[in-house]
Amino acid sequence: MTDMSNSKASLGWAIHAITGKWGWFVALGVGELILGGVASANLMAATLASVLVIGATMAVAGIFQIVHAFSVRGLRGFLLWLLAGIVYAAAGAIILYDPILASFTLSLAVCAFLVVAGVIRIWAGFHIRPAAGWRWIVAAGVLTFCVGVMLVAAWPAIGLWLLGVMLVVDLIFQGWGFIAFGIALKTRASRHSSQPATV
């Protein structure tokens, strides 16, 4: 009971601490909306930017993994750590060398992932039957599966803009989410400031 009351108090304190920062959340949301608008103006550039970020991240992560492998050279599995780091760094380097080919490959991987995720959701929905809401899970799985199949059928024509569209959608939804959160914090702060102080 004490742990629960302590966690509620700490959560309340955290919310109170960020209430005064509502403007930063709104500004962050507006910034993400602007970036989403800029990215939507050139989906190919947005796709290539996404791919380059992925490639750079993989290359750096691979280098760190290689360094880590040499730091634990005396332990079992050194060669596996080293091989994984080399593969990761090499994949990142290939993406950076040819981001257009990488965008086609990654977009096909996304399409395949949607198909597989749809099948898994359909299976999960039927598996939990007759629990309430199982039909919604199946319906979501069917929708995901159909979108994945349509995208696979449209590949490779979508290869140069699919990741850009995903980036734009993510930026827009995230931006509106931060704006809504900031406004909610401002409303909460206004409501608490208008309440009379208790003696």
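Basis of the calculations
- Residues numbered from 1 in each chain as written.
- Predicted model: local features only at pLDDT ≥ 70, side-chain atom pairs only at ≥ 80, totals over all residues.
- Heavy atoms only, no water.
- Helix = DSSP H or I, 4+ residues; strand = E, 2+ residues; numbered from the N terminus.
- Buried < 20%, exposed > 50% of the residue type's maximum accessible area, 1.4 Å probe, protein only.
- Contact = heavy atoms within 4.5 Å.
- Core = buried A, V, L, I, M, F, W, Y, C linked by side-chain atoms within 4.5 Å.

(A) Local environment of the overall build of the protein. Within the protein, the secondary structure is distributed over seven helices and zero strands. Among the 199 residues that make up the protein, the fraction classed as buried is 25%. Counting only contacts in the protein whose residues sit at least 6 apart along the sequence, the fraction spanning at least 24 positions is 77%.

(B) Representation of the nonpolar core in the model. Counting ten residues, the largest nonpolar core is built from Val-51, Met-58, Ile-95, Ala-102, Val-110, Cys-111, Leu-151, Ile-158, Leu-162 and Leu-163. Counting residues per element, the ones that place at least two in this core are helix 3 (43-71), helix 5 (99-127) and helix 7 (162-194). Ranked by residues supplied to this core, first place goes to helix 5 with three residues. Here Val-110 is in contact with Leu-162, Leu-163 and Met-166, once residues within four sequence places are set aside.

What is shown is where atoms sit, not what they do.
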